[in-house]
Amino acid sequence: DWSMAEFRDAKIAEIREQVGDGRVICGLSGGVDSAVAAVLIHEAIGDQLTCVFVDHGLMRAGEAEQVVGLFRNSYNIPLVHVQAETLFLNGLKGVTDPEAKRKFIGKTFIDVFEEEAKKIGGAEFLAQGTLYPDVIESVSFTGGPSVTIKSHHNVGGLPERMNMKLVEPLRELFKDEVRALGQELGLPKAFVGRHPFPGPGLAIRIPGEVSKDRCDILRKADSIYLAEIRNAGLYDAIWQAFAVLLPVRTVGVMGDGRTYDHVLALRAVTSTDGMTAEIYPFPSEFLARVATRIVNEVRGVNRVVYDYTSKPPGTIEWE
Ligand code: XMP
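Residue numbers run consecutively from 1 along every chain, following the written order of its sequence. Reporting of local features is limited, given that this is a predicted model, to residues whose pLDDT is at least 70; pairs of side-chain atoms are given and counted only at 80 or more, and all residues count toward the totals for whole chains, interfaces and linings.

Within an unreviewed UniProt entry, the label attached to the chain reads GMP synthase [glutamine-hydrolyzing], and the organism entered is Stakelama sediminis. UniProt positions are given in the numbering used here, feature names are shortened, and annotations may be inferred rather than shown by experiment. Taken directly from UniProt, the Catalytic activity (unreviewed entry) text for the chain runs: "XMP + L-glutamine + ATP + H2O = GMP + L-glutamate + AMP + diphosphate + 2 H(+)". What UniProt records for the chain under Pathway (unreviewed entry) is the sentence "Purine metabolism; GMP biosynthesis; GMP from XMP (L-Gln route): step 1/1."

Student: Could you give an account of the UniProt feature "binding site: ATP" (unreviewed entry) in the chain, with specific residues and numbers?
Tutor: As recorded in UniProt, the sites labelled "binding site: ATP" (unreviewed entry) are Ser29, Gly30, Gly31, Val32, Asp33, Ser34 and Ala35. Its place among the elements puts serine 29 in the loop between strand S1 (24-28) and helix H2 (32-45). Under the C-beta neighbour-count criterion, serine 29 is labelled buried, with 24 such atoms within 10 Å. In contact with serine 29, not counting residues within four places along its chain, are Ser34 and Gly199. To assign burial, the other C-beta atoms lying within 10 Å of each residue's own C-beta are counted, with C-beta atoms placed from the backbone; 20 or more indicates buried, 12 or fewer indicates exposed, and intermediate counts indicate partly exposed. Accessibility expressed as a C-beta count within 10 Å gives 23 for valine 32, which makes it buried. Filtering out sequence-adjacent residues up to four positions away, valine 32 remains in contact with Val178, Arg179, Gly182, Val192 and Arg194. The way it works is that DSSP assigns letters per residue, a run of H or I at least four long becomes a helix, a run of E at least two long becomes a strand, and they are numbered from the N terminus. Note on contacts: each residue gets a C-beta atom placed from the backbone, and two residues are in contact if those atoms are within 7 Å.

Student: Outline the pairing of strand S2 (residues 49-55), listing residues and values.
Tutor: Most of S2 is tucked away, with seven of its seven residues classed as buried. Residues Leu49, Cys51, Phe53 and Asp55 point to one face of S2 and Thr50, Val52 and Val54 to the other, with burial holding for every one of them. DSSP-based pairing: two strands are paired if at least 2 bridges between them are found. Where S1 lies against S2, five bridges are found, and the strand directions are parallel. Bridging across to S2, cysteine 26 finds its partner in cysteine 51. On the question of chirality, the crossover connecting S1 to the parallel S2 by way of H2 is right-handed. The pairing of S2 with strand S3 (residues 79-83) spans five bridges and is classified as parallel. Crossover handedness is defined here as right-handed if the route from the first strand over the helix to the second strand goes clockwise, with the strands pointing away from the viewer.

Structure (C-alpha cells):
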C-alpha cells in the first residue's frame, strides 16, 4: 500500500524519466485534477512546464481569478491566461442540443489551446489530469453495449493533432486520492476540497440556449446556494452541489406585481467517484432559506425546485 508521499516521489521520478529535457504543456480547467497534475509535474521538471488556462467564460463566480492567483502568485508556475469568453458565447448562439454544446466547446477549446501552444513554441508533451474513473467512463459507461451517454470534454483529440505525447500522472487515482495528493503537494485545503466542475462549465447547466445574461443569472444563484451550504457546514459532506437555470418561465407574484421569470433547479449529490450518486437530503428549512434568498436576490428567477433524482437513472449534470 502506497502512502501519498511515496506515490508523489515515485511519480516525480517517472515524469522526469518520461519527459527528459522535453517541454510540457498543461491545460488547466479550473478544477482540482488539472491543478494537482500541474503542480506535481512542476515539482518534477520546473520551468520545462507551461500551463495554459483557456477561460471560456463558463466558469463559476470567482473561479478564474482563483486559479490564476494560485498558479501565478503562490506557485510561480508559468501560466498563459487566455480570455475567450466572446469566442465561446458567440459560437454557442442558437445551440440548444446538449451534445452539440459539448462538441462545440470541446473543439473550440482545442483550437484555442493549439494556437496558444504554437505561440509559446510548442512542446513534445501534453499533460492532463485524467483520473481512473475518466478512463473507465469514457470506455463504456453502462456495461451493456457501448453507448455514449455524454461526450466528456477533455483535451482528447489534441495529442494526435499536435503530435504530442501524453503525460497523465493521475491515471490510477480516484478523486479522494487526488485530493490527498494535492494536500501532500501543499495546495490549500479549500482548493483541493472543491466540488468537481465539468469541462463544458455552465453551458451544460443552462438547458436550451446559453447567453451571457443567463450565465450571469446562474453564477449569482449558484454562489448564493454554495455560500449557504458552506454556512451550514455541509460543503465537505456533499460530492457536488450546483444550480441549473431552466429555459422554462413561470408566473409569480412579487410585491403587488406579476412576475414571469425563469425556474432554477438545485442539485446536490453524494458519491465516491461520480459514477453513481445519491441525492443529498437537505433539511427542508435549508432549502426554503436558499429558495427565498435566490428569488429575492437574483433578478430573472422567481421559482426554485430541488432535484430528487439519483444516478442512475439521472446523470449528475442535466446535459
Ligand atoms: P454525469 O453528468 O455524467 O457526471 O453523471 C459525472 C461527473 O462528471 C462530471 N462531468 C464532466 N467532467 N468534463 C469533465 O471534466 C465533462 O465533459 C463532464 N461532464 C460531466 C460531472 O460534473 C460529474 O462530476
